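Single-letter residue listing:
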Amino acid sequence: MFRGLFHCMHDKTRYPLPSMNDRDYRFATRAIHAGQRPDPSTGAIMPPVYQTSTYVQPALGEPVAGYEYARVTNPTRDALQANVAALEGGRYGAAFGSGLAAIEAVVKRLSAGDHVVSEENTYGGTPRMFNTVLGRLGIEFTYVDGRDPELIRKAIRTDTRLIYLETPTNPMMRITDLAAAAEIGRQAGIPTCVDNTFATPYNQRPLELGIDLVVHSTTKYMNGHSDVVGGMVVTDDDDWAEHLYYMQKATGGIPGPMDAWLTLRGTKTLAVRMEAHNRNGQALAEFLSGHPKVVAINYPGLPSHPQHELATRQMTGFSGMISIEVGSLERARAVVEGTRIFALAESLGGVESLIGHPATQTHAAVDPEHRAAMGITDGLVRLSAGIEDVEDLIADVAGALDAAP
Ligand SMILES: *Cc1c(COP(=O)(O)O)cnc(C)c1O
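Remember, predicted model here, so these are calculated numbers, not experimental data.

## Regarding the sheet that holds strand E9 (residues 321-325)
The strand order E8-E9-E12-E11-E10 describes an open sheet built from 5 strands, whose pairing is mixed. Looking at the sheet topology across the chains shown, the edges are occupied by strand E8 (296-298) and strand E10 (343-344). Bridge analysis of strand E11 (residues 354-356) against strand E12 (residues 380-384) gives 3 bridges, and the strand direction is antiparallel. What sits directly across from leucine 354, in E12, is serine 384. Contacting E8, E9 and E12, helix H10 (residues 270-289) crosses the sheet at an angle of about 10° to E9. Docked against the sheet, helix H12 (residues 329-338) engages E10, E11 and E12, running at close to 160° with respect to E11.

Below you can see the structure in the form of structure tokens.
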């Protein structure tokens with residue numbers, strides 16, 4: 001059973017990684033089996049945590065199973081990489097120590113003088129890295145509203161080498177038409193990269209829409225238990241894969257084996273968790289959209305979302321991420337401090353519900369003008385619906401809203 005999925009973790013050919021993109025198996029089956037097989041030395045059904053920095057070579061230049069040094073390759077990391085690649089429908093996965101390290105590894109294919117067209121409403125740490133670190137090294141960035149693919153096309157210059165997108169965006173839940181963006185990139189000969197953290201491959205698979213690279217903060221839904229910081233890049237492109245594995249080796253932003261193992265345990269339940277996040281997110285959004293203290297709500301699963309039709313076309317579910325405008329900082333503060341189940345914290349995508357205030361937390365690093373252009377006001381509250389009983393979640397938020405000024 002599942003022989004096709006028990007690919008060799010100890011395959012001597014490290015590049016390319018063995019493909020786990022076995023179309024014979026559906027999503028939840030791949031989530032549990034892809035990239036894994038029983039440990040050959042003991043039969044242990046779980047891939048071991050290979051907590052080692054190096055590997056013995058019985059003869060010079062002849063390592064036992066192709067492994068030489070753990071920055072370059074580690075079997076636990078390989079298993080995670082193959083697993084997430086299979087979920088995104090790509091041949092190659094490259095794991096990094098955080099989502100930002102994964103994004104940086106992509107952009108490091110560029111050189112000083114190269115230009116990137118980026119969605120303007122990404123996770124706040126992304127433009128911070130672009131502007132204050134990579135910009136200083138000579139890479140230029142232009143920010144556009146990805147809801148209009150024509151703006152992406154118009155921002156392309158002769159020196160543009162990457163189109164960087166995020167959809168749904170954090171925290172405004174804007175949607176980019178991925179097939180249209182991929183086509184613009186293809187026509188111009190420019191690779192496209194999408195941050196798929198909010199949707200997860202359970203709800204949206206950008207590679208199937210023609211996108212070249214998918215990045216994740218696996219810290220969020222992919223691991224799903226708020227106990228690891230990690231990142232991943234998935235691609236089907238041989239040259240990009242070579243670059244990404246070279247970045248692991250040459251610049252070293254890798255995850256440790258224990259974090260890889262924990263994340264792999266998380267991805268096994270991605271299908272069941274996302275089903276619950278989707279259900280709770282939808283029910284909570286429907287409740288909030290009718291609440292008198294909610295001035296506006298951003299959730300792509302609501303027919304009132306201006307891009308609901310597009311979202312329905314390219315996504316199969318809308319996750320647990322919701323943002324609401326409550327009208328003032330005073331009311332926003334009362335709401336985020338007034339919930340009991342929703343914990344006030346940055347981050348998202350864990351089994352437990354979280355609530356936050358983008359203007360002072362996740363997007364505090366974004367300059368106020370850029371923030372205002374995106375609609376991130378002082379009255380904006382972001383919710384990450386966990387997988388608790390939804391009646392309790394609704395009652396919790398209702399209580400905080402009712403008590404707010
Ligand atoms: C959190 C997040 C990141 C950054 O990931 P880290 O793992 O915190 O480095 C990038 N993109 C999105 C959409 C995120 O939510």
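## Considering the site of the ligand
Surveying the vicinity of the ligand reveals 15 residues, the closest of which are Gly99, Asp195, Ser217, Thr219 and Lys220. Glycine 99 is positioned such that a nitrogen or oxygen atom in its backbone is 2.8 Å from an oxygen atom of the ligand. Taking aspartate 195, its side chain carries an N or O atom lying 2.6 Å from a nitrogen atom of the ligand. The protein chains hide 92% of the 380 Å² of surface that the ligand would expose on its own. Its residues assigned to classes, the shell around the ligand comprises 5 nonpolar, 7 polar and 3 charged.

## Concerning the pairing of E12
Counting buried residues along E12, 5 of its 5 residues qualify, which places the element largely inside the surrounding structure. Residue alternation in E12 divides its side chains into two sets, Leu380, Arg382 and Ser384 and Val381 and Leu383, and both sets are buried. Note that E9 and E12 share 5 bridges and pair antiparallel. Looking at the pairing, isoleucine 324 lines up with valine 381 of E12.

## Quick notes on the sheet that holds strand E5 (residues 192-195)
Sheet architecture is open: 7 strands sit in the order E1-E7-E6-E5-E4-E2-E3, paired in mixed fashion. Because the sheet does not close on itself, it has two edges, and the strands there are strand E1 (92-96) and strand E3 (140-144). Ignoring strand direction, the axes of neighbouring strands in this sheet form an average angle of 20°. Pairing geometry for strand E4 (residues 160-166) and E5, over 4 bridges, is parallel.

Here is what the cut-offs are and how they apply
- Residues numbered from 1 in each chain as written.
- Predicted model: local features only at pLDDT ≥ 70, side-chain atom pairs only at ≥ 80, totals over all residues.
- Heavy atoms only, no water.
- Pairing = 2+ DSSP bridges.
- Helix = DSSP H or I, 4+ residues; strand = E, 2+ residues; numbered from the N terminus.
- Contact = heavy atoms within 4.5 Å.
- Axes fitted to C-alpha atoms, helices over the stretch in contact; angles between N-to-C directions.
- Near = heavy atom within 4 Å.
- Polar contact = N/O pair within 3.5 Å; in protein donor to acceptor, adjacent residues only side chain to side chain.
- Areas by Shrake-Rupley, 256 points an atom, 1.4 Å probe, with all protein chains shown as cover.
- Nonpolar A, V, L, I, M, F, W, Y, C, P; charged D, E, K, R; others polar.
- Buried < 20%, exposed > 50% of the residue type's maximum accessible area, 1.4 Å probe, protein only.

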